[in-house]
Structure formats: structure tokens, C-alpha cells
Amino acid sequence: MDNSTKTLEKEARLAGFFYLLHILLIIYGVFFVSFKLGISGTKEMAENIIANEFLFRTGIVSRIISMIPTLLMALFLYRILKNVSIQQARFMFSLILISIPFQFVAEVFNLTSLMIAKEELLKSIDSTQRIDFSILFINIYNNMVSIGQMFWGLWLFPLGLLIYKSKFILQFFGTILFLGGVGYLIDYVSFLFFPDFRSVTVIALLMGLVSEISIMLWLLLKGIKNHI
């Protein structure tokens with residue numbers, strides 16, 4: 001194995017490692033914390049935020065920190081795939097960069113919902129109105145995250161295409177990443193146009209999650225198949 005192949009192997013495994021960190025942080029910050037606090041955007045969740053303030057804050061911190069391994073993962077994926085097509089690799093990296101500010105701004109609304117619920121803001125309104133405003137900011141957070149999710153779905157298309165065209169990662173992963181991107185976009189379109197039927201998009205969302213976990217495991221455990 002020559003030096004360039006060793007470098008490619010190392011960078012592929014680093015991409016897988018940071019991808020794993022990203023997924024673990026998102027699982028905690030998005031799924032675990034949300035499950036503990038209740039259905040997002042409801043009175044129950046607004047009340048649970050106060051009762052479980054520390055848990056709520058750890059979710060925010062987890063999601064913010066997840067942006068660091070996300071950037072590092074994207075950087076190493078760019079490095080190992082730029083020789084396949086530098087234009088497509090740049091496009092892939094750009095889509096990831098675009099999605100990140102949405103998460104940061106969204107968390108500001110999450111913190112604002114907590115401050116309102118704790119009477120640190122809008123102190124003159126009654127408790128019922130305070131809960132309503134808290135729910136409002138939680139819903140704004142959800143909307144911003146969903147918009148960011150659109151770009152997160154889109155970046156899987158150039159990634160899938162790059163992997164499909166590469167000679168050192170199985171083409172199978174390029175195909176499932178493309179399908180995963182379709183799944184995320186179906187979920188986003190459902191959010192925009194058919195909010196009352198979003199339960200039917202669970203399978204579509206799982207498509208995206210399965211595709212990402214699959215390529216993450218391949219990069220982490222296998223690295224590359226052979227050099228370009």
C-alpha cells in the first residue's frame with residue numbers, strides 16, 4: 001500500500017469516526033431528549049421544559065456540539081472524494097455548510113422558549129399566555145430545523161453520486177445514499193404540504209437514517225476498498 005493509499009485510508013476512517021460522533025450526538029439531542037420531554041410544540045412539552053431544564057439544556061448543547069464533528073466529517077469526505085469530481089465535492093461540502101447556520105439560529109429560539117417558560121422574559125403576561133409563547137418559539141425551532149433538514153437531504157445526492165463513481169467505496173452505498181436523500185426530502189415536502197399526514201413519512205425518514213448509518217459503518221470499519 002503506497003503513501004497516497006494510506007492517506008486515503010486514514011482520512012476515510014476519520015470521516016467515519018466523526019460521522020459516528022455526529023450521529024451519537026444527534027440521537028441524544030434530537031431523539032432521546034425529545035422523547036423524554038414529550039411531543040414537540042405541545043403544552044405538555046412546554047411544561048416539561050421547566051421540570052427538566054437541565055435535560056433540555058443538555059439537548060441544546062449536544063446539538064450544537066454535533067456541528068463540530070459534522071464539519072470535520074464533511075472536510076474528510078471532501079478530501080477523499082475531490083479526485084472523483086472536485087465540482088461535485090465542493091457542492092456536497094457547500095450543502096452541509098448551508099445547513100449548519102439553521103441549527104445554530106434554531107437553538108436560539110429553543111433557549112428563548114425556556115426563558116419565557118421560566119418567566120425570565122415577558123414577565124407581565126399570565127401563565128397561560130406564557131405557555132403559548134413558549135410553544136410558539138418551540139414551533140419556530142421545529143420549522144427552522146426542518147428547513148435545515150432539506151439541505152441535509154440534498155447533500156446526500158452529490159455524496160451518493162461521488163461514491164457511486166469512485167473506485168474505492170462500494171457503489172451500493174452510493175445508491176442507498178441517493179435513496180436516503182429522497183427519504184429526507186419526502187419528509188420535508190410532507191412537513192410543508194401535508195402536515196396532517198406526516199406519520200406516513202416515518203419510512204422515508206428511516207431510509208435516510210439507514211443510509212447514513214450504513215456509510216458511516218463502512219468508512220469507520222472498512223475505510224476504502226482500493227485506491228482510485
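Everything quoted here is computed from the prediction, not taken from an experiment. Each chain carries its own residue numbering, running from 1 in the direction its sequence is written. Only residues with pLDDT of at least 70 get local features here, since the model is predicted, and only at 80 or more are side-chain atom pairs given and counted; chain-wide, interface and lining totals rely on the full set of residues. Hydrogens and water are ignored here; the side-chain numbers use all heavy atoms of the structure.

**Notes on the overall build of the chain**
Spelled out, the test is: Each helix is a run of DSSP H or I of at least 4 residues and each strand a run of E of at least 2, with the numbering of both proceeding from the N terminus. Exposed residues in this analysis have more than 50% of their type's maximum accessible area, buried residues have under 20%, and partly exposed residues fall in between, with area computed by a 1.4 Å probe over protein chains only. Contact definition: two residues touch when any of their heavy atoms are within 4.5 Å. For every accessible area listed, the method is Shrake-Rupley and the probe measures 1.4 Å; residues are considered covered only by the protein chains on display.
Broken down by element type, the chain carries nine helices and zero strands. Each helix (α) and strand (β) of the chain, taken in turn from the N terminus, gives the series α-α-α-α-α-α-α-α-α. Dimensions of the chain, computed from the C-alpha atoms along their principal axes, are close to 70 × 35 × 25 Å. Considering the chain as a whole, with its 228 residues, one finds that 46% of them fall into the buried category. In the chain, 75% of the contacts between residues at least 6 apart in sequence involve partners at least 24 apart. Carbon and sulfur atoms form 70% of the exposed surface of the chain, whose accessible area is close to 11,600 Å².

**Description of the packing of aromatic side chains**
Using the following cut-off: Here the aromatic set is Phe, Tyr and Trp, taking the six-membered ring for Trp, and pairing holds for ring centres within 6.5 Å; pairs whose planes are under 30 degrees apart are stacked, those over 60 apart are edge-to-face, and all others are tilted.
Counted under the stated rule, the structure contains 11 aromatic pairs. Taking 5.3 Å as the distance between ring centres and 65° as the angle between the ring planes, the aromatic pair formed by Phe-17 and Phe-18 counts as edge-to-face. In this structure Phe-18 comes out as buried when scored by relative accessible area, which is 16%. Look at Tyr-19 and Trp-155: their rings are 6.4 Å apart centre to centre, the planes differ by 45°, and that puts the pair in the tilted class. Of this pair, Tyr-19 sits in helix α1 (residues 3-37) while Trp-155 is found in the loop between α6 (127-154) and α7 (156-165), placing the two residues 136 residues apart along the sequence.

**With respect to a nonpolar patch on the surface**
To keep it simple, the criterion reads: Like charges are joined within 9 Å and nonpolar side chains (Val, Leu, Ile, Met, Phe, Trp, Tyr) within 5 Å, but only among residues with over 30% relative accessible area and no salt bridge; these make up the patches. For this analysis, a salt bridge means a side-chain nitrogen from Lys or Arg found within 4 Å of a carboxyl oxygen belonging to Asp or Glu.
A cluster of nonpolar residues, Met-115, Leu-121, Leu-122, Phe-133 and Leu-136, forms a patch on the protein surface that exposes about 370 Å² of accessible area. For Leu-136, a relative accessible area of 41% translates into the label partly exposed.

**Comments concerning the packing of helix α5 (residues 86-117) against α6**
How we decide: Lines are fitted to the C-alpha atoms to define the axes, a helix being fitted only along its stretch in contact, and any angle between axes, read from their N-to-C directions, falls within 0 to 180 degrees. Between 65 and 115 degrees an angle is taken as roughly perpendicular, under 35 as roughly parallel, over 145 as roughly antiparallel, and anywhere else as oblique.
Across the interface, α5 lies against α6 with an axial gap of 8 Å and an inter-helix angle of 170°. Looking at the two axes, α5 sits roughly antiparallel to α6.

**Considerations on the nonpolar core**
Which entries qualify depends on this criterion: Think of a nonpolar core as a cluster: buried Ala, Val, Leu, Ile, Met, Phe, Trp, Tyr and Cys residues, connected wherever their side-chain atoms sit within 4.5 Å.
Counting 37 residues, the largest nonpolar core has Leu-77, Trp-155, Leu-159, Ile-215 and Leu-219 as its most contacted members. Those elements that provide at least two residues to this core are α1, α4 (67-81), α5, α6, α7, α8 (171-193) and α9 (202-221). Non-local contacts of Trp-155, meaning those with residues more than four positions away in its chain, are made with Tyr-19, Met-73, Leu-77, Met-92, Leu-95, Ile-96 and Glu-212. Counting residues in hydrophobic clusters, the runner-up holds nine residues, among them Val-33, Leu-37, Phe-56 and Leu-114.

**Details of the confidence of the model for the chain**
Applied cut-off: Scored between 0 and 100, pLDDT is the confidence that the predictor attaches to each residue.
Averaged over all residues, the pLDDT of the chain is 85; the fraction at 70 or higher stands at 92%. The element-level mean pLDDT for the chain is lowest in helix α2 (residues 43-51), coming to 78, with α4 highest at 94.

**Notes on the packing of helix α3 (residues 53-65) against α5**
To keep things clear, this is the line we draw: Residue polarity follows a fixed list, in which Ala, Val, Leu, Ile, Met, Phe, Trp, Tyr, Cys and Pro are nonpolar, Asp, Glu, Lys and Arg are charged, and the others, Gly among them, are polar.
Direction vectors running N to C along α3 and α5 enclose 170°, while the axes themselves pass 10 Å from each other. The orientation of α3 with respect to α5, classified from their angle, is roughly antiparallel. Of the residues in α5, those in contact with Glu-53, Phe-56, Arg-57, Ile-60, Arg-63 and Ile-64 of α3 are Gln-103, Phe-104, Glu-107, Asn-110, Leu-111, Ser-113 and Leu-114. Here the residues of the contact of α3 with α5 are counted per class, giving six nonpolar, three polar and four charged.

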